[in-house]
There are 2 protein chains.
Amino acid sequence: MNKELAALRDKIDDVDKTLLHLLAKRMTLVSQVGEVKNKYGLPIYVPEREQSLLQSRRKDAEALGISANLIEDILRRIMRESYINEYDKGFKALNPQLRPIVIIGGQGQMGQLFNRLFTLSNYHVRIIDRQNWHEVSHAVADAGMVMISVPIHKTEQIIHQLPKLPTDCILADITSIKALPLQTMMETHAGPVLGLHPMFGPDVTSLAKQVVAYCDGRQSESYQWFLDQLQVWGASLHNINAIEHDKNMAFIQALRHFTTFVYGLNLFEEQVDLQELLALSSPIYRLELIMVGRLFAQDPQLYADIVMASDENIALIKRYHQRFGEALDHLENKDKQGFIETFLRISEWFGDYAQRFQQESKTLLLQANDSRSC
Amino acid sequence: MNKELAALRDKIDDVDKTLLHLLAKRMTLVSQVGEVKNKYGLPIYVPEREQSLLQSRRKDAEALGISANLIEDILRRIMRESYINEYDKGFKALNPQLRPIVIIGGQGQMGQLFNRLFTLSNYHVRIIDRQNWHEVSHAVADAGMVMISVPIHKTEQIIHQLPKLPTDCILADITSIKALPLQTMMETHAGPVLGLHPMFGPDVTSLAKQVVAYCDGRQSESYQWFLDQLQVWGASLHNINAIEHDKNMAFIQALRHFTTFVYGLNLFEEQVDLQELLALSSPIYRLELIMVGRLFAQDPQLYADIVMASDENIALIKRYHQRFGEALDHLENKDKQGFIETFLRISEWFGDYAQRFQQESKTLLLQANDSRSC
């Protein structure tokens, strides 16, 4: 028995080693693609190429009797690695004549990320942070762009403290709220103004497929090159006005982070046995526990700032709490029918999204379970 | 320019086609492994083999200058497909002498899943459901095992309505609460009794790495073969007493489903623009929205049953709601310091798990973003 199995396993190992060599070959080709793209300033993420490649290989797979989803999942994973590879090759500067870029708060994690991206694209970058704040006047005197990358609660104050910038200098920020910072930048600078919100953290491996929301301030023609540059880096842009942005962020950030916080608080107060809970978890609960737990590995100041950024955020969270209490009434009255009716009303409102999400979640949950080891 | 890029892309396509043939070859080998395992009754999921295979290929990858995580992710995905492949080959019956297995509620989704697994393992299965309930006495008269797979709120009633079973017949259920069903089975049947809770839904592609919690009832030596059989199918077993099980499920199921329900309710009451929210989502919020939305593609009765299964569930949800209100006080008093202190206390309680979850979430979020298309 062991002999039969061992022989087959050796053959499988050989196949896997061949696979590795094939991957190495593909990565070399991808590097060459990166060089070509770099030369011509082409975006690293091209949705159409990705789609057509996937469609062709899915068809080939079906012809060979292999699962089309298998090859799609593998190729998507390989493409993620390819984006990192192209990223390392550097990028063409779309505005090579630009005077120096000053990143205020350039020692922070997001500041470092943008520093790396600008530098990979041959822009001249100057970092201003707490310890060299005294150099700020000198640094911005001939700047082509000033990017504010500081904690939320310091943003407005720092913008007010900026020395006068050259009139044609672009003033941009990357704060995760937009109305107040944008307004402050508009008041303090008469030239081009742009509000950005990168919808990702500093630990992304590349900007491919990552969303950057942006709010136009003033003289958009002067910073169009920068929006194009973000796309060359792989980002997907989403234009929105600052008020709408902040309304959406009340859900995406404030309410989300706060409910996650309370979720963790409740586990703590109940003194649950995390190990037992993990061992018993369904894939979906495991995923939830991971998303709750990860919050507490991060900086509480950031979350306090985001949640308490506005009275609107707090009002939304209060409405949520109240609705929770109302829904609880169904339970206390053992009113299954009421619960079911509300549920169906919400299902109807979700419409096609419910089905679509269920389909997508299936893939994600299978992926989450692939790496389960405990 | 287009020529250079097109030539490289053709070469990449050739590599990907070779990859497909390699996958086809691997799947053939895996089928042969499945046949050997089937012959000897070996489990389809062997954690040690998986670990050693991954470790060897990671080392090989590093030697070739390829990311070790890349090959690990790809191999894990391939192995998931391999389990499905082995699954299709059928399984050895560990108790081939067993008299027929009767699945009560065998037309339901979970009932069908177990029917398939038993049949793939050459057991003789009989299905009893609403439309042939009148045949139940005849069906169980010579049964070796009776498995209850009916909606939660019907479980006890159905167990009470069962005709007398042969004394050596195993009575098992797969309800997602355990104390009451187990107690009811113990009262109505004098022979072997086993409570099971498969921690997965009917849409799993194989049982590999899926958790099955089980509570011993009576005469565990008579159903040991069935626990072994579950492992042959790939499942990971977790023994627990029924009270502890239900306590954990108050978190894993009742509180989780209810908070998800309220999350959806809140989006509905606020009449958010889901499309805008999705377009602006960070990978983590997108994941959350998917997990909320998927609930509403499912059966509200199931969730009503799970949430209202016990007074303890409702009491836990009430405590959660109260803590939410207390935490809200931080916000209303603009008490950032208080929020931060509580946050840090919870972080400390999570201990190493917070870091571990952050690490694991990074992989999962990257995976979730791989398939982003909008």
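Structural data are supplied above this passage.
Residues numbered from 1 in each chain as written. Chains lettered and ligands numbered in written order. Predicted model: local features only at pLDDT ≥ 70, side-chain atom pairs only at ≥ 80, totals over all residues. Heavy atoms only, no water.

(A) Spotlight on the overall build of chain A. If you tally the helices and strands in chain A, you get 15 helices and 7 strands. Each principal axis of the C-alpha atoms in chain A carries an extent, and together these give about 75 × 65 × 40 Å. Out of the 374 residues in chain A, the part that is buried amounts to 60%. When contacts within chain A are restricted to residue pairs at least 6 apart in sequence, long-range pairs at least 24 apart make up 68% of them. Put simply, chain A shows about 14900 Å² of open surface, and 48% of that area lies on carbon and sulfur atoms. Put simply, chain A has 39 plus and 46 minus side-chain charges, and the middle of one group is 6 Å from the middle of the other. (Helix = DSSP H or I, 4+ residues; strand = E, 2+ residues; numbered from the N terminus. Buried < 20%, exposed > 50% of the residue type's maximum accessible area, 1.4 Å probe, protein only. Contact = heavy atoms within 4.5 Å. Areas by Shrake-Rupley, 256 points an atom, 1.4 Å probe, with all protein chains shown as cover. Lys, Arg positive; Asp, Glu negative; His and termini not counted. Charge placed at Lys NZ, Arg CZ, Asp CG, Glu CD.)

(B) Fine view of the interface of chain A and chain B. Opposite the 164 residues of chain A that make contact, chain B presents 164 residues. Interface of chain A and chain B: buried area, both sides summed, is about 17000 Å²; carbon and sulfur atoms make up 71% of it. Together, Leu280(A), Phe343(A) and Trp349(A) form the three largest contributors to the area buried by chain A at its contact with chain B, with a combined 5%. At the boundary of chain A and chain B, one finds 24 salt bridges. Linking chain A with chain B are 37 residue pairs in polar contact (both at pLDDT 80 or more), by the criterion used here. Broken down by element, the residue count for the side of chain A that touches chain B peaks at 28 residues, all from helix H1 (residues 2-40) of chain A. For the side of chain A that touches chain B, a count of residues per class yields 89 nonpolar, 32 polar and 43 charged. (Buried area = accessible area lost by both parts, 1.4 Å probe. Salt bridge = Lys/Arg side-chain N within 4 Å of Asp/Glu carboxyl O. Polar contact = N/O pair within 3.5 Å; in protein donor to acceptor, adjacent residues only side chain to side chain. Nonpolar A, V, L, I, M, F, W, Y, C, P; charged D, E, K, R; others polar.)

(C) Focus on the nonpolar core. Core analysis: the biggest nonpolar cluster contains 149 residues, and Val146(A), Phe258(A), Phe350(A) and Val146(B) have the highest contact counts within it. Counting 123 residues, the second largest nonpolar core, distinct from the first, contains Val36(A), Met145(A), Leu196(B) and Leu230(B). (Core = buried A, V, L, I, M, F, W, Y, C linked by side-chain atoms within 4.5 Å.)

(D) Representation of the pattern of salt bridges in the model. Under the defined criterion, the tally for this structure stands at 44 salt bridges over all chains. Between Lys178(B) and Asp173(B) there is a salt bridge whose closest N-O contact spans 3.0 Å. Judged by its relative accessible area of 0%, Lys178(B) falls in the buried class. Residue classification places Asp173(B) among the buried positions, given a relative accessible area of 0%. Bridged by salt links that share partners, the residues Glu50(A), Arg58(A), Glu72(A), Arg76(A) and Lys209(A) form one connected network.

(E) The arrangement of the relation of the copies chain A and chain B in detail. With an RMSD of 0.0 Å, the fit of chain A onto chain B corresponds to turning through 180 degrees and sliding 0.0 Å along the axis. Expressed as a symmetry operation, the mapping of one chain copy onto the other fits a two-fold axis. Closest approach to the rotation axis within chain A is made by the C-alpha atom of Ile74(A), at a distance of 2.9 Å. When the interface residues of chain A are mapped onto chain B, 100% of them again fall at the interface, so both copies present the same face. (Least-squares fit on C-alpha atoms with pLDDT ≥ 70 in both.)

(F) Up close: the sheet that holds strand E4 (residues 170-173) of chain B. All names here are of chain B. Within the open sheet, the 7 strands sit side by side as E2-E1-E3-E4-E5-E6-E7. Their pairing is mixed. This sheet does not close on itself; its edge strands, each paired only once, are strand E2 (125-128) and strand E7 (236-239). Strand-to-strand twist of the sheet, defined as the mean angle between neighbouring strand axes without regard to direction, takes the value 25 degrees. Direction of pairing for strand E6 (residues 211-218) relative to E7: parallel, over a ladder of 4 bridges. Of the residues in E7, the one forming a bridge with Tyr 214 is Asn 239. Against the sheet, helix H8 (residues 220-232) contacts strand E3 (145-148), E4, strand E5 (193-198), E6 and E7, and its axis sits at roughly 175 degrees relative to E6. (Pairing = 2+ DSSP bridges. Axes fitted to C-alpha atoms, helices over the stretch in contact; angles between N-to-C directions.)

(G) View of the environment of Gln51(B). Residue and element names in this part refer to chain B. Checked against the element boundaries, Gln 51 lands in helix H2 (residues 47-64). On the accessibility criterion, Gln 51 (35% relative accessible area) is partly exposed. Taking the C-alpha atoms as reference points, Gln 51 and Ala 7, separated by 44 residues in sequence, lie 39 Å from one another.

(H) Fine view of the packing of helix H11 (residues 283-295) of chain A against helix H15 (residues 352-370) of chain A. All names here are of chain A. Following both chains from N to C, one finds H11 and H15 inclined at 80 degrees, their axes separated by 9 Å at the closest point. With respect to H15, the element H11 is oriented roughly perpendicular. Taken together, the residues of H15 that come into contact with H11 (itself represented by Pro 283, Ile 284 and Leu 287) are Leu 365, Ala 368 and Asn 369. Considering only residue class, the contact of H11 with H15 consists of 5 nonpolar, 1 polar and no charged. (Parallel < 35°, antiparallel > 145°, perpendicular 65-115°, else oblique.)

(I) Geometry of the packing of aromatic side chains. Under the definition given, this model contains 48 aromatic pairs over all chains. Where Phe343(A) meets Tyr303(B), the ring centres are 6.1 Å apart and the plane angle is 15 degrees; that geometry is what we call stacked. Residue Phe343(A) is located in helix H14 (residues 336-350), and its partner Tyr303(B) is located in helix H12 (residues 300-307); the two belong to separate chains. For Phe343(A), a relative accessible area of 0% puts it in the buried group. Ring centres of Phe118(B) and Phe226(B) lie 5.8 Å apart, and the angle between their planes is 25 degrees; this geometry places the pair in the stacked category. Linking Phe118(B) in helix H4 (residues 109-120) with Phe226(B) in helix H8, this pair joins segments that are 108 residues apart in sequence. (Phe/Tyr/Trp six-rings, centres within 6.5 Å; stacked < 30°, edge-to-face > 60°.)

(J) Here's a closer look at the side chain of Asn266(A). Note on placement: Asn266(A) falls in helix H9 (residues 242-270). For Asn266(A), a relative accessible area of 1% translates into the label buried. If near-sequence neighbours (up to four positions away) are discounted, Asn266(A) is found in contact with Phe251(B), Leu255(B), Leu316(B), Arg319(B), Tyr320(B) and Arg323(B).

(K) Region of interest: helix H11 (residues 283-295) of chain B. Compared with an ideal rise of 1.5 Å per residue, which puts 13 residues at 18 Å, H11(B) spans 19 Å between its outermost C-alpha atoms and is within 8% of the ideal. With 13 of 13 residues buried, H11(B) lies mostly within the body of the structure. (Expected span 1.5 Å × (residues − 1).)

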